[in-house]
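So the chains spell out like this:
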Amino acid sequence: MLSLQSLDLFLFSLSSILCTPFAIFLQIQGCIICLVLALGWALAAHVRNREIKQMTDSMKNGNSLSFLYHDINELEHSNQVNLPRVTVVMPLKGFGEHNLHNWRSQITSLYGGPIEFLFVVESTEDPAYHAVSRLISEFEGYVDAKIIVAGLSTTCSQKIHNQLVGVEKMHKDSKYVLFLDDDVRVHPGSIGALTREMEKKPEIFIQTGYPLDLPSGSLGSYCIYEYHMPCSMGFATGGKTFFLWGGCMMMHADDFRQDRYGLVSGLKNGGYSDDMTLAAIAGAHKRLISSPPVAVFPHPLASDLNFGRYWNYLRKQTFVLESYITNVNWLMNRALFAFHSWASWGFVTPYFMALIHLAAALRFYNKPYSFEETPYTSGGLILVTILAVCTLIELLSMWNLTRIEVQLCNMLSPEAPQLSLASYNWCLVFIAMLVDNFLYPISAVRSHFSQSIDWSGIRYTLADGKISKIERTQRSKDMGPVFTDLGGKHLYGKKGLPTRGSFLSSLLKSFSQWHQPKKFDN
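Residues numbered from 1 in each chain as written. Predicted model: local features only at pLDDT ≥ 70, side-chain atom pairs only at ≥ 80, totals over all residues. Heavy atoms only, no water.

(A) Broad picture of the packing of aromatic side chains. Summed over all chains, the structure comprises 23 aromatic pairs. Between the aromatic rings of W103 and F119, the centroid separation amounts to 6.3 Å while the plane-to-plane angle is 75°, which identifies the pairing as edge-to-face. Of this pair, W103 sits in helix α4 (residues 99–107) while F119 sits in strand β2 (residues 115–121), placing them 16 residues apart in sequence. Residue W103 shares its accessibility class with F119, and that shared class is buried. When the centroid spacing of 5.1 Å and the interplanar angle of 80° are considered together, the rings of Y272 and F319 count as edge-to-face. Here the residue Y272 occupies a position in the loop between α10 (263–268) and α11 (274–284), and F319 occupies one in helix α12 (residues 307–319), the gap between them amounting to 47 residues. The class of Y272 is buried, set by a relative accessible area of 3%. Within the aromatic cluster, the residues linked to one another by ring pairs are Y210, F235, F243 and W245. (Phe/Tyr/Trp six-rings, centres within 6.5 Å; stacked < 30°, edge-to-face > 60°. Helix = DSSP H or I, 4+ residues; strand = E, 2+ residues; numbered from the N terminus. Buried < 20%, exposed > 50% of the residue type's maximum accessible area, 1.4 Å probe, protein only.)

(B) Main features of the pairing of strand β8 (residues 248–252). With five of its five residues buried, β8 lies for the most part within the structure. Inspection of the sheet shows strand β4 (residues 176–180) paired to β8 by five bridges, in the antiparallel sense. Within β8, the residue paired with Y176 across the bridge is H252. Note: strand β5 (residues 204–208) against β8, three bridges, orientation antiparallel. Across the sheet, Q207 pairs through a bridge with M250, a residue of β8. (Pairing = 2+ DSSP bridges.)

(C) Here's a closer look at a nonpolar patch on the surface. Together, I24, I28, I32, V36, I382 and I386 line one region of the surface with nonpolar side chains, adding up to about 480 Å² of accessible area. Put simply, the parts of the chain that give the nonpolar patch at least two residues each are α2 (21–60) and α14 (379–412). At four residues, the largest contribution of residues to the nonpolar patch is made by α2. Here I386 shows up in helix α14. According to the relative accessible area criterion, I386 is partly exposed, its value standing at 35%. (Patch = residues over 30% accessible without salt bridge, like charges linked within 9 Å, V, L, I, M, F, W, Y side chains within 5 Å. Areas by Shrake-Rupley, 256 points an atom, 1.4 Å probe, with all protein chains shown as cover. Salt bridge = Lys/Arg side-chain N within 4 Å of Asp/Glu carboxyl O.)

(D) Looking closely at helix α5 (residues 127–138). The end-to-end C-alpha distance of α5, which contains 12 residues, comes to 18 Å, matching closely the 16 Å that a straight helix rising 1.5 Å per residue would cover. Looking only at α5, the buried set comprises P127, A128, A131, V132, L135 and I136. The buried residues of α5 all sit within an arc of 150° when viewed along its axis, so they share a single face. For α5, the elements touching its buried residues are α4, β2 and β3 (145–149). (Expected span 1.5 Å × (residues − 1). Arc of directions from axis to C-beta. Contact = heavy atoms within 4.5 Å.)

(E) Main features of the UniProt feature "transmembrane region" (unreviewed entry) in the chain. When the UniProt feature table is mapped onto this chain, "transmembrane region" (unreviewed entry) is found at residues 12–45, 345–365 and 377–401. The distance from the first to the last C-alpha atom of residues 12–45 is 43 Å, and the span holds 91% helix and 0% strand. (UniProt positions renumbered as here; feature names shortened; annotations may be inferred.)

(F) Spatial organisation of the nonpolar core. Among the nonpolar cores identified, the biggest contains 58 residues, and L212, Y310, F347, M398 and V429 are the most heavily contacted of them. Going through the elements one at a time, α2, β6 (210–214), α8 (219–235), α12, α13 (327–366), α14 and α15 (426–450) are the ones with two or more residues in this core. The greatest single-element share of this core, amounting to 12 residues, is contributed by α14. Residues V88, W103, A128 and V184 belong to the second largest nonpolar core, which totals 38 residues. (Core = buried A, V, L, I, M, F, W, Y, C linked by side-chain atoms within 4.5 Å.)

(G) Inspection of the sheet that holds strand β11 (residues 452–455) at higher detail. Ordered in space as β11-β12-β13, the three strands form an open sheet in which the pairing is antiparallel. Two strands close off the open sheet at either side, each with one partner strand: β11 and β13 (466–472). With direction set aside, neighbouring strand axes in the sheet form an average angle of 25°. With six bridges joining them, strand β12 (residues 458–463) and β13 adopt antiparallel strand pairing. Bridge pairing links Y460 to I470 in β13. In the packing of α12 onto the sheet, contacts are made with β11 and β12, and the angle to β11 comes to roughly 130°. (Axes fitted to C-alpha atoms, helices over the stretch in contact; angles between N-to-C directions.)

Set out below in structure tokens:
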């Protein structure tokens, strides 16, 4: 009993220490971070909801195709024939459970202007090569789609190498080039919406968007959803932003042809991250990055996404802060490294303190003995109550933004299976918030000291912010499949088959027959 009393005294003393001014500051700081996140998500929800209202008003006025254009007159043939040519470049690696659906959504775009799709793979041994080949043959004569073998990268990441090879092969008359990751599920009107903004505002350097993660149920998938959510508010501005997501980037094709601002050489010579490099170039030359409110894309996560794959993904995300192209870029990355690490542990710390306050309160009110003098103070419970209220507000704001983005995605893709908020487990979301924010600084520090990372079977080593060494893992066929982090894609030796067509595919074929000849010019 004496030892138990000693432990209780220690617990009460610890709870009292956590009520000192500095400890209170740390706990209030965590509450402020919660409220700032809640405010940011509320503003993002307002921007997305404004787009929903515009589409709803347009439908009430008789425009059943508001998911393509708010003004139905823009669908007139005289307007469509004047749309600029777009080249869509899709760097591929491996084949997974959601890839075929994503690729189909990309090539069945209802963009009315001339458009070509370039699927770029490392080699014919990539499982994506066979799946894409079959998909292209299914739409032969209706869609201008090609598969390009880029070969192995030697001076930059394989993704950037594939992108640059795609740019080299794009049509000579293309005005815009759109880079899409293979885990992006676009809406029928997405390409048209991005192009429309580029035409309205020629000063835009890059148009971008952001994914809406659809967790598969595992803790790892919820950690990825939670990791992306704070960044989502930076993309829901309805216009100018400082953020850039490499999964969706539309740019002026001439910027690549002329190597404007050295963007091609900056990517090719040691580039690791496409979006971080291009964002740094945009910042250095004061060029505009924009994100339209409709640029939010469903991002289904792999059904077997385990915690190990989440950790590897987090390592890749923190590793990008080690790459840079200028001294200013290096300084900004260091600042982001410090701020994100501080905010992450500043968010998590109050919850550990709250556990001590709760444990002390439970022991104090349920102890079978009494102390003449006890250091316990009930101030800890007040702090716990404040933290609980702030957490509830934060979760409600996150829920509301997710709800609105789910609704917006459903309206933008009326033919696709409807997304539902019911599949989200908000208890796991809360746990993921704690886990992800606790691990982020650890991952960031490890990335800083290791200076190397494995990305889809390729190990990249950095020196002075650029790739200095590329090592490829040699695998024998009997070692089994290797998966990427989010999509659960087979990187070696599994060939995919396309699924059955859809109503949208049929509509695309009719649309392409009306607008374009079956043979495409070079």
